[in-house]
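Chain by chain, the residues:
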Amino acid sequence: MAGSLILQTDVAGMNRPAGNLDVAEALRPYAGPWNPHSAAHLLRRAGFGAGPAEMQRFVDMPMRDAVSALVNFPTATNLAPPDGLYDSRQALAQLLSERRSMSQNDMQLRQTMQDIRRNEVRSIALLQHWWLGRMLTSPAPLQEKMALYFHGHFTTAAIQKGVDATMVYAQNQLFRSNALGNLRELTWQVSTDPAMLLYLDNATNVARHPNENYARELMELFTLGVNHYTEEDVRQGASAWSGWIVNRLLGTSRFVPRRHDDGPKTFLGKTGNWTGRDVVNIIFEQPQCAEFFAGSLLNFFVYNDPEPELIDAVAALIRKYDYNLQPIMSTLLRSNVFYSDRAYRALVKSPVEFVVGTYKAFGLQEIDPSAQRALVQMGQILFYPPNVAGWPGGANWLTSQTMIARANFVASLVNSPMMQQASWLQQLPMKARQAAYALVNTILCGDASPTGITQLGDYLNGVNTSALGMLSGENYQERVRGAAYLTMAMPAYQLN
């Protein structure tokens, strides 16, 4: 196998790309060439890449229509959860009843709790597989990409603090249903979401003993950033949020007025008898809020460390559309800055983007269990972010250990029976040089050095190996799969 050759990656995605920004032209509609390079760029950023057939479909559209196809998708409000999702509510209700009746001893109670937790962990794995499958096959890739963006932005970890699988699914659906909706409304909805209320302790926030955790993270990590609020704002915001509880047996949240501090509060310079809804509204009135989301969206979809002038321009766009994401993302995905050379392959693929994109590149239609194992090794486990700040991303994704994990995942996949479904890979030219170009063009849109292409052709022809003979029908499957692995080890494939 081609495992001996892992090409060195020139890491992008940690600093602002070289070159200058023309802010006056940055958000104007792109009028340059529309070709496989630009279509692939759009599909990687607004989705998870594409196989040859899907790629050609987008290349054949005008750019404006291609973006429209991505930003206009049906709602997902009636999406059914995966089959077999464990619902712990009945077990918890039975456990509570047995504790009251003393029908179980302590050892039996511990065993019941262990069984519930084991089933919850299995269900989270089921949800991971289900979501990866949606990323791979959904006709609305941007919907899933936005759900992934929000999952890393409004972070919640499964299992911890009683966040069960049904709550995780409900929050995932909340992100999907609001994928291109209003940021203000989504912030309010996620603030009162049972999973978030439990994870950041707002369900234990009462008037006499306010819990400041959520009030702080809402401003620092979700909407404003550091140094844009005071400790007094945290205290006053916590009092405004008091009164919310979660019924774990029903998996629902509700506001209980008697637990709420109904006195006057001064928050971000405004005084009144504020509630959590008021806190969200006041935050979104702050100029910094639009700046914060502008920087966040640019870092995720365009390039890291965007210029302050570009952040200001996108913030103005956010205010213009009153935080409604569909026109904001439509403008961004059609803009000059998005298709600029500086933005092209300027972001490091996250492990999820790398894994799902690899299945997509081969034209595969299902995710196998190796994907979840690989994501553990690469450092991105869906529904288990490392902390409330989410995954750090950028160059942090590329270490010696995670690069080996990426290589091992691709090696495992190209040697699996699933590759029989990769029909385009079975149709490469029999001539090594032509096959090398076909692989680089299909997987990398030609983004490989002449030396890399020569090495690929040499591998296909068995040069400098113990395997004798040029590319032929006898060695075709092994050589072509090995060459696909080597193509995906090239620098460009690590980048979005």
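Definitions and cut-offs
Residues numbered from 1 in each chain as written. Predicted model: local features only at pLDDT ≥ 70, side-chain atom pairs only at ≥ 80, totals over all residues. Heavy atoms only, no water. Phe/Tyr/Trp six-rings, centres within 6.5 Å; stacked < 30°, edge-to-face > 60°. Helix = DSSP H or I, 4+ residues; strand = E, 2+ residues; numbered from the N terminus. Buried < 20%, exposed > 50% of the residue type's maximum accessible area, 1.4 Å probe, protein only. Axes fitted to C-alpha atoms, helices over the stretch in contact; angles between N-to-C directions. Parallel < 35°, antiparallel > 145°, perpendicular 65-115°, else oblique. Contact = heavy atoms within 4.5 Å. Nonpolar A, V, L, I, M, F, W, Y, C, P; charged D, E, K, R; others polar. Core = buried A, V, L, I, M, F, W, Y, C linked by side-chain atoms within 4.5 Å. Pairing = 2+ DSSP bridges. Polar contact = N/O pair within 3.5 Å; in protein donor to acceptor, adjacent residues only side chain to side chain. 1 Å grid on protein atoms, 1.4 Å probe; cavity = no way out; pocket = protein on both sides within 12 Å on 5 of 7 lines; lining within 4 Å. Points joined across faces, edges and corners; volume = space filled by probe spheres on them. Left-handed = near helix turned anticlockwise from the far one by under 90°.

Participant: I'm lost on the packing of aromatic side chains in this one. Help?
Facilitator: How two aromatic rings sit relative to each other is given by the distance of their centres and the angle of their planes. Taken as a whole, this structure holds 25 aromatic pairs when the rule is applied. On the numbers, 5.5 Å between centres and 25° between planes, the contact of tryptophan 131 with phenylalanine 383 is stacked. Of this pair, tryptophan 131 sits in helix H6 (residues 106-137) while phenylalanine 383 sits in the loop between helix H18 (370-378) and helix H19 (400-414), and the two are 252 residues apart along the sequence. Exposure remark for tryptophan 131: the relative accessible area of 0% places this residue in the buried category. Relative accessible area serves as the criterion here: at 4%, phenylalanine 383 is assigned to the buried category. On the basis of an interplanar angle of 85° and a centroid distance of 4.9 Å, the ring pair of phenylalanine 338 and tyrosine 339 is categorised as edge-to-face. Relative accessible area serves as the criterion here: at 0%, phenylalanine 338 is assigned to the buried category. The exposure class of tyrosine 339 is buried, given its relative accessible area of 10%. Among the aromatic residues, ring-to-ring pairing joins Tyr149, Phe150, Phe154, Phe175, Trp188, Tyr214, Phe222, Trp241, Trp244, Phe255, Phe300 and Phe301 into one connected group.

Participant: Teacher, can you tell me more about unusual backbone geometry here?
Facilitator: Excluding glycine, most residues fall at negative phi; most peptide bonds, likewise, are trans. A positive phi angle is found at asparagine 227, which is not glycine, with a value near 65°. By the element assignment, asparagine 227 lies in the loop between helix H11 (213-223) and helix H12 (231-241). The backbone phi angle of aspartate 322 is positive, close to 50°, even though this residue is not glycine. Note on aspartate 322: relative accessible area 37%, which makes it partly exposed.

Participant: Could you clarify how one ought to interpret the packing of H11 against helix H14 (residues 287-301) in this entry?
Facilitator: Geometrically, a packed helix pair is captured by the angle between its two axes and the distance between the axes. At their nearest, the axes of H11 and H14 sit 9 Å apart, and the two run at 50° to each other. Taken together, the axis directions place H11 and H14 in an arrangement best described as oblique. Here H11 contributes Glu220, Leu221, Phe222 and Thr223 to the contact with H14, which in turn contributes Gln288, Cys289, Phe292 and Phe293. Residues belonging to the contact of H11 with H14 are distributed by class as follows: five nonpolar, two polar and one charged.

Participant: Just to check I follow, could you spell out the nonpolar core for this structure?
Facilitator: One recurring pattern in soluble globular proteins: nonpolar side chains tend to sit buried together. Membership of the largest hydrophobic core comes to 159 residues, with the highest contact counts inside it found for Leu42, Met146, Ile283, Phe293, Tyr359, Phe362 and Leu425. In contact with methionine 146, not counting residues within four places along its chain, are Ala179, Leu180, Phe301, Leu325 and Met329. Among the nonpolar cores identified, the runner-up in size contains six residues, and Trp391, Trp397, Leu398 and Met403 belong to it.

Participant: Teacher, can you tell me more about the pairing of strand E2 (residues 252-255) here?
Facilitator: Regular strands show a simple pattern: their side chains alternate between the two faces of the sheet. Of the strand pairs in this sheet, strand E1 (residues 244-247) and E2 are connected by four bridges, and their pairing is antiparallel. For asparagine 247, the partnering residue across the bridge sits in E2 and is threonine 252.

Participant: What exactly am I supposed to notice about the environment of alanine 492 here?
Facilitator: Its place among the elements puts alanine 492 in the segment after helix H22 (476-488). Judged by relative accessible area, alanine 492 falls into the buried class, the value being 10%. Considered as a pair, alanine 492 and valine 348 are 144 residues apart in the sequence and their alpha carbons are 9.5 Å apart. Excluding residues that lie within four positions of it along the chain, alanine 492 makes contacts with Arg345, Leu444 and Asp447.

Participant: What is the right way to read the side chain of asparagine 496 from this model?
Facilitator: For asparagine 496, the location among the structural elements is in the segment after H22. Overall, the relative accessible area of 3% leaves asparagine 496 in the buried class. Residues in contact with asparagine 496, not counting those within four places in the same chain, are Arg44, Arg45, Lys145, Tyr344, Arg345, Ala346, Leu347, Lys349 and Glu353.

Participant: Sorry, what's going on with helix H16 (residues 325-333) here?
Facilitator: In an α-helix, one full turn covers 3.6 residues, which means residues spaced three or four apart are oriented alike. Within the sequence span of H16, burial applies to Leu325, Ile328, Met329, Ser330, Leu332 and Leu333. Residues of H16 that are buried sit in contact with helix H2 (36-45), helix H4 (63-71), helix H7 (141-153), helix H9 (183-191), H14 and helix H15 (308-320).

Participant: What's the story with H9 in this structure? I'm lost.
Facilitator: Most of H9 is tucked away, with seven of its nine residues classed as buried. Taken together, the buried positions of H9 are Leu183, Arg184, Leu186, Thr187, Trp188, Val190 and Ser191. Two to three positions downstream of the cap, the backbone nitrogen of arginine 184 sits 2.9 Å from a side-chain oxygen, assigning the N-cap of H9 to asparagine 182.

Participant: Is there a simple way to think about the layout of surface pockets in this case?
Facilitator: Unoccupied space between atoms shows up once a probe the size of one water molecule is rolled over them. Taken as a whole, the largest pocket spans an internal volume of roughly 790 Å³. Along the wall of the largest pocket there are 26 residues; nearest its centre are Asn299, Phe300, Trp391, Pro392 and Gly393. For the lining of the largest pocket, the secondary structure elements donating two or more residues are H7, H11 and H14.

Participant: Explain the packing of helix H17 (residues 351-362) against H19 to me, please; I cannot follow it from the model alone.
Facilitator: Running from amino to carboxyl end, H17 crosses H19 at an angle of 25°, the nearest separation of the two axes being 11 Å. One element, H17, and the other, H19, form an angle in the roughly parallel class. Crossing of H17 over H19 shows right-handed handedness. Contacts between H17 and H19 pair Pro351, Phe354, Val355, Thr358, Tyr359 and Phe362 from the former with Arg406, Phe409, Val410, Leu413 and Val414 from the latter. For the contact of H17 with H19, the class distribution of residues is nine nonpolar, one polar and one charged.

Participant: Would you mind showing me how to read the side chain of serine 330 here?
Facilitator: Within the element layout of this structure, serine 330 appears in helix H16. Here the side chain of serine 330 touches glutamine 326 through a polar contact of 2.8 Å, landing on its backbone oxygen. Ignoring sequence-local partners within four residues, the contact set of serine 330 consists of Val67 and Val71.

Participant: Could you clarify how one ought to interpret the environment of glutamate 217 in this entry?
Facilitator: Within the element layout of this structure, glutamate 217 appears in helix H11. Sequence-wise, glutamate 217 and alanine 389 are 172 residues apart; in three dimensions their C-alpha atoms are separated by 8.7 Å.

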